[in-house]
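Each chain, written out:
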Amino acid sequence: MLAIVSSAALSGVQGFPVSVEVHVSGGLPGFAVVGLPDTSCREARDRVRSALLSSGLEWPVRRVTVNLAPSGVPKGGAGFDLAIAVGLLAAIEEIPPESIASLGFLAELGLDGSLRPVTGALPLVDAVAADGVVVAPDNVDEARLVGGDGVRTVATLAELLTVLRGDAAWPDVAAAPAPPPLPPLPDLAEVRGQPVARQALEVAAAGGHHLLMIGPPGAGKTMLARRLPGLLPPLEPAEAIDVTRVWSASGATLPPGGLVRRPPFRAPHHNVSPVALVGGGHRSMRPGEVSLATNGVLFLDELGEFVPQALESLRQPLEEGVVRVSRANGSATYPARVVLVAAMNPCPCGRSGAPGACRCSDAARARYHRRLSGPLLDRFDLRLHVHRPDPEHLLRGSPGETSASVRDRVGAARVRALERQGCLNGRLAPAELDEVAPLTPAAVLLLENAVRDGRLSARGLHRVRCVARSIADLAESSAVADHHVAAALEFRLPVLTPESYASAVRR
Amino acid sequence: MNPADGIDGAPLPEAAWLAALLGLSDMGPRRLLLTLAGGGGEAAWRAVVTGRLGHRLHPIGRRAVELAALWQREARCRDVAEEWQRYRDASVGVTALGSPGFPAVFDDDPEPPAVLFHQGSLDAIAGARVGIVGTRRCTRYGRDVAFEIGAGLAAAGVAVVSGLALGIDACAHAGAISVDGAPPIAVVGSGLDVVYPKANRGLWADVAARGVVLSEAPLGTSPARWRFPARNRLIAALSDVVVVVESHEAGGSLSTVAEAVARDRPVLAVPGSVRSPASRGTNALLADGAGPAGGVEDVLIALGMSTGAHRRAAERRPPVGAATAPVLEAVGWHPSTTEQVVLRTGRSLGEVALAIDELVRGGWLSRREGWLERVSADRAGLVDAPANAAQPGADSHAE
């Protein structure tokens, strides 16, 4: 007797449909799972057996073979428990086979027969090849985001049995409650002074430009960075699903309501490994921090302390907006469209409060800066020095503009850019620039001088024009004028690499 | 071959023996005097080789026996004649204390160098000399003042003595060789073939070509920490007046000051902002009674060489426009950030950035690590302004 049940498995952040085929036959009693299951998958036998017995059912003293098709793809996790149990019950005709024909099953079983949530419910439900899907109560919110009204839930296996036998109707799935209001984000109005850094945040938000802040401890780098998500417009529904998919697949805690509605903000500690940052892993391919921050902000505090390999592994994702991870047992692609914000001290002592105050030797400074490669620094369109604000601004300064009003401007600038060229200014190709970012003659002169002085490379020129475009968009100007370019140049201060430091000293 | 003979068979000069003795590990001026014990270099060298230093090293204390053994091992595998040839090949002059060519200024010095190694001509030491010292971690203000005083003194025929370190030292010498004037004098802590810091290689060569570079250390000596205070003592001994341009609270320049005071040399300090950590040491010197040095004129007065009215160089910078003047005003005379200028002027970042760009280009402002500093006077080569960078001036020397 054979029963086939729909389920799904994860590969990266995408699910793929899996048919769980359960065959019960004569012969020596036994239970085998085939189709490249991992250990937790193979242990399903013991969980399913106990769950069946706890639910008042008999364990068939026969030979049971479970195949997870397609059988050539490795599968992991306990998410097949319910599908195996239901398939077994259908195969021994405890439940009518037609009752499960149009349903998928995704849940882990407890030994008491209760249904437990699985990691990655959203992509899994999306992938199940059936009209309806049965999930654990704790997965309902997440499952409904893509499964809609086809999502069913029961608390226990025994309850499921009565429904499938036709003795009871499906319990009502509680209508999704209105998502609770989001807790307030830190507001930009709390930042006193810092007009340049505030504007840099605004430009980063409007154009999706990566931002590097260099400044002594206590200058407010972290405070500023934490206010960037509040300047980004709320996620579009499709973006929100994308983000939730990644979060769900990685097992991150989802906000109440299941949907990530706000641009995420991820701030991994500086001892993060390359794999944890960009994704991958030994057995299961998990998305990294850069993917968890997709459509939001990835904040790297103390950039100089990160493992160099981890930073270098960010280069390709930042360029392409996706992470491609390849391992011996498969490959995966994760989204990685982030605004990267990084902060670091100007030198190991962090005392560069004023010229001449630093206590570091030249060699120590050179070592500190050598950890950042030129190509990585090149990814930052906005680089600025953040200084400690004057006490009078801290104590007596009026509160600055609120996040909400900046967000409106950022939203308008983003709309302008998207209507004009279909992408944010941070992703403009050099070929498009002349058309979408025409320069005034004075602006051309300014850029010409900067290139001639050696302040800008060809690549730098392109990036400065992109940033100037964003500044002009924020000012609702169609042409890029000289003061837009001047501000963009101000945001691209030369970062001290060992070479440039030596030249700065000997002056 | 008799080791006492030179390559060509002539006996080696006293300086060769002294240079060889100084080349032994951990040999400083004081230990050298003990080893010589009033005798000649050759006798001392033989005593070292044969291990018959006897009681000469007793004042050293516990390390005496260990050092004598170490020196004996080293001296046995060295050929004095061969080492002497290296000095001749490198055209480094060696003068021993008491020999005819030895600078007379050290005659009544409490701690004269036993041997002086020099590149260039010792004649540079003949005239009036002023030491200009200061911190490596200096501000734009300090660099400007050091350059001005260096240039002014050289033009007035006063030799500038300094240490060829980064920062103030380098700027003072860059100023001294930017004009056609008195030869510069440098005293360094390393051997004359070990250029330290490497960034000053060009300046080092220029000073040696125009004046003289002096050292107490034999060839091949790396700059050990203790050699810098020793070097500072020579700067103080060589200077008729010592000018401290910028110094941190416990900066190395203060050791030069102590040595100068011990030798009754007048010490002048350049007043700085009370907020600048790089001026804390100099301001403390002023409080302690050092004379203020506001410019070349003050130094010349201290030397007793006061001249008539000092004429300022004509302003060559482009005039500041009406639109940019408030920005220059907002930067003020303290290091400022763009942020502060935006707050002080109330203008938008774009406008301020445009004005700053114009001012930097015109040589009115300099920019470093996000800090803006106002440039007091036209310093052609030293100004960061790219328009001036192409000029052959002090900049190429300072590289």
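Please read these numbers as outputs of a predicted model, since none were measured by experiment.

1. Concerning the overall build of chain B
Then comes step 1: The helix and strand inventory of chain B stands at 17 helices and twelve strands.
Then comes step 2: Classification of the 399 residues of chain B by burial places 52% in the buried group.
Then comes step 3: A separation of at least 24 residues holds for 69% of the contacts in chain B among residues at least 6 apart in sequence.

2. Some remarks on the overall build of chain A
Then comes step 1: Across its full length, chain A carries 22 helices and 18 strands.
Then comes step 2: Dimensions of chain A, computed from C-alpha atoms along their principal axes, come out at roughly 90 × 45 × 45 Å.
Then comes step 3: Residues counted as buried form 49% of the 507 residues belonging to chain A.

3. Observations regarding the packing of helix H19 (residues 441-452) of chain A against helix H21 (residues 482-490) of chain A
Residues and elements named next belong to chain A.
Then comes step 1: Closest axis-to-axis distance for the H19/H21 pair is 7 Å, and the angle between their directions is 30°. The pairing of H19 with H21 is recorded here as roughly parallel in orientation. Across from Ala442, Ala443, Leu446, Leu447 and Ala450 in H19, the residues of H21 making contact are Asp482, His484, Val485, Ala486 and Leu489.

4. Some words on the domain arrangement of chain B
Then comes step 1: Taken domain by domain, chain B holds domain 1 (1-89), domain 2 (117-303) and domain 3 (325-397).
Then comes step 2: The C-alpha centroid of domain 3 of chain B is placed 27 Å from the C-alpha centroid of domain 2 of chain B.

5. So, the sheet that holds strand E10 (residues 336-337) of chain B
Residue and element names in this part refer to chain B.
Then comes step 1: Sheet architecture is open: three strands sit in the order E10-E12-E11, paired in antiparallel fashion. The sheet terminates laterally at E10 and strand E11 (365-368), the two strands that pair on one side only.
Then comes step 2: As defined by bridge partners, E10 adjoins strand E12 (residues 371-374) across two bridges and the pair is classed as antiparallel. Note that in E12 the partner of Ser336 across the bridge is Leu372.

6. Considering the confidence of the model for chain B
All names here are of chain B.
Then comes step 1: Averaged over every residue, the pLDDT of chain B is 84; residues scoring 70 or more account for 89%.
Then comes step 2: Across residues 1-6 the pLDDT falls below 50, and counting only partners more than four positions away or on other chains, this stretch makes 13 contacts in the model.
Then comes step 3: The low-confidence segment residues 379-399 (pLDDT under 50) makes 50 contacts with residues lying over four places distant or belonging to another chain.
Then comes step 4: Two numbers describe this predicted complex: its pTM, 0.70, and its ipTM, 0.75.

7. What about the sheet that holds strand E10 (residues 211-214) of chain A?
Residues and elements named next belong to chain A.
Then comes step 1: An order of E11-E14-E17-E10-E18 is seen for the five strands of this open sheet, with the pairing classed as parallel. Both edges of this open sheet fall to strand E11 (265-266) and strand E18 (382-385), since each of them pairs with a single strand only.
Then comes step 2: Pairing between E11 and strand E14 (residues 297-300): two bridges, direction parallel. Within E14, the residue paired with Arg266 across the bridge is Leu298.
Then comes step 3: Strand contacts of helix H7 (residues 195-207): E10, strand E17 (339-344) and E18, with the helix running at about 165° to E18, the strand carrying the most contacts.

8. Observations regarding the domain arrangement of chain A
Residues and elements named next belong to chain A.
Then comes step 1: The assigned domain composition of chain A is domain 1 (2-164) and domain 2 (188-498).
Then comes step 2: Computed over C-alpha atoms, the centres of domain 1 and domain 2 are 44 Å apart.
Then comes step 3: The set of elements that each furnish at least two residues to the side of domain 1 that touches domain 2 consists of strand E1 (2-11), helix H4 (121-127) and helix H5 (140-147).
Then comes step 4: Split into classes, the residues belonging to the side of domain 1 that touches domain 2 amount to eight nonpolar, five polar and three charged.

9. Some points on helix H11 (residues 280-287) of chain B
Then comes step 1: Taken residue by residue, H11 of chain B has Arg280, Gly281, Thr282, Asn283 and Leu285 of chain B as its buried positions.
Then comes step 2: Two residues or fewer after H11 of chain B comes Gly289 of chain B, characterised by a positive phi angle close to 110°.

10. Observations regarding the nonpolar core
Then comes step 1: In this structure, Ala85 and Leu106 of chain A are the most contacted members of the largest nonpolar core, which totals 166 residues.
Then comes step 2: Per-element tally for this core: the top contributor is helix H3 (residues 81-91) of chain A, with nine residues.
Then comes step 3: The residues contacting Ala85 of chain A, other than those within four sequence positions of it, are Val48, Ala51, Leu52, Leu109 and Leu157 of chain A.
Then comes step 4: Counting residues in each nonpolar core, the second largest holds 97 residues, with Trp71, Val158, Ala236 and Val257 of chain B among its members.

11. Details of the environment of Thr345 of chain B
Residue and element names in this part refer to chain B.
Then comes step 1: Along the polypeptide, Thr345 turns up in helix H14 (residues 338-345).
Then comes step 2: It is 11 Å that separates the C-alpha atoms of Thr345 and Ala325, two residues lying 20 residues apart in sequence.
Then comes step 3: Beyond its immediate chain neighbours, meaning those up to four positions away, Thr345 contacts Pro326, Val327, Ala330 and Val352.

12. Brief notes about the packing of H7 of chain A against helix H17 (residues 403-421) of chain A
Residue and element names in this part refer to chain A.
Then comes step 1: Between H7 and H17, the least distance of the axes is 8 Å, while the angle of their chain directions is 40°. In this view, H7 runs oblique relative to H17, as classed from their interaxial angle. Viewed along their axes, H7 and H17 form a crossing whose handedness is right-handed. Along its contact with H7, which presents Glu202, Ala205 and Ala206, the element H17 presents Val406, Arg409, Val410, Ala413 and Arg414.
Then comes step 2: Across the contact of H7 with H17, the residue classes tally to five nonpolar, no polar and three charged.

13. Overview of the pairing of strand E2 (residues 14-25) of chain A
Residues and elements named next belong to chain A.
Then comes step 1: Here E1 pairs with E2 via ten bridges, running antiparallel. Bridge pairing in E2 places Ser6 opposite Ser19.
Then comes step 2: Here E1 folds back onto E2, and the loop between the two strands holds two residues, one of which, Gly12, carries a positive phi near 70°.
Then comes step 3: Bridge count between E2 and strand E4 (residues 63-69): seven bridges; the pairing is antiparallel. Bridge assignment links Glu21 to a residue of E4, and that residue is Asn67.

14. Structural notes on the environment of Ala16 of chain B
Residues and elements named next belong to chain B.
Then comes step 1: Within the secondary structure layout, Ala16 lies in helix H1 (residues 14-22).
Then comes step 2: The spacing of Ala16 and Glu83 is 67 residues in sequence and 8.0 Å in space, taken between C-alpha atoms.
Then comes step 3: In this structure, Ala16 is in contact with Val80 and Trp84, ignoring residues within four places of it in sequence.

15. Considering the environment of Trp333 of chain B
Then comes step 1: Relative to the assigned elements, Trp333 of chain B resides in the loop between helix H13 (325-331) and E10.
Then comes step 2: In this structure the C-alpha to C-alpha distance between Trp333 of chain B and Ser273 of chain B, which are 60 residues apart in sequence, comes to 9.0 Å.

16. Side note on the confidence of the model for chain A
Then comes step 1: Confidence along chain A averages 87 in pLDDT terms, with 94% of residues attaining 70 or more.
Then comes step 2: Note on residues 497-507 of chain A: pLDDT under 50 across the span, and 22 contacts to partners over four residues away in sequence or across chains.

17. Structural notes on unusual backbone geometry
Then comes step 1: Cis peptide bonds are those with omega within 30 degrees of zero, and the linkage from Ala69 of chain A to Pro70 of chain A qualifies with 0°.
Then comes step 2: Examined against the element boundaries, Pro70 of chain A turns out to sit in the loop between E4 and H3.
Then comes step 3: Look at the link from Tyr196 of chain B to Pro197 of chain B: it is a cis peptide, with omega at -10°.
Then comes step 4: Note on placement: Pro197 of chain B falls in the loop between strand E5 (185-188) and helix H8 (201-210).
Then comes step 5: Located in the positive-phi region is Glu476 of chain A, a residue other than glycine, with phi close to 55°.
Then comes step 6: Structurally, the position occupied by Glu476 of chain A is in the loop between helix H20 (458-474) and H21.
Then comes step 7: Overall, Glu476 of chain A belongs to the exposed group, with 10 C-beta atoms counted inside 10 Å.
Then comes step 8: We note that Asp26 of chain B has phi near 55°; this positive angle belongs to a residue other than glycine.
Then comes step 9: Within the secondary structure, Asp26 of chain B is located in the loop between H1 and helix H2 (29-36).

Thresholds, definitions, all that
Per chain, residues are indexed from 1 in the order of the written sequence. Each chain is given a letter, starting from A, and each ligand a number, starting from 1, according to the order in which they appear as written. Restriction of local features to residues with pLDDT of at least 70 applies here, the model being predicted, together with a cutoff of 80 or more for giving and counting side-chain atom pairs; totals for whole chains, interfaces and linings are based on all residues. Only DSSP runs of H or I covering at least 4 residues are called helices, and only runs of E covering at least 2 are called strands; the numbering of each starts at the N terminus. For the exposure call, what matters is how many other C-beta atoms sit within 10 Å of a residue's own: 20 or more marks it buried, 12 or fewer exposed, and in between partly exposed, using C-beta atoms placed from the backbone. Contact between residues is assigned whenever the C-beta positions, reconstructed from backbone atoms, fall within 7 Å. Between N-to-C directions, angles span 0 to 180 degrees; the directions come from axes that are lines fitted to C-alpha atoms, helices contributing only their stretch in contact. For classification purposes, an angle smaller than 35 degrees is called roughly parallel, one larger than 145 roughly antiparallel, one from 65 to 115 roughly perpendicular, and anything else oblique. In this document the domain limits rely on a domain assignment from an automatic tool or a database. Note on pairing: two strands pair once DSSP finds at least 2 bridges between them. pLDDT is a per-residue confidence score from the predictor, ranging from 0 to 100. In this classification, Asp, Glu, Lys and Arg are treated as charged, Ala, Val, Leu, Ile, Met, Phe, Trp, Tyr, Cys and Pro as nonpolar, and every other residue, Gly included, as polar. By definition, a nonpolar core groups buried Ala, Val, Leu, Ile, Met, Phe, Trp, Tyr and Cys residues that are joined through C-beta atoms within 7 Å. In this scheme the handedness of a crossing depends on how the near helix is turned from the far one: anticlockwise by less than a right angle means left-handed, clockwise means right-handed.

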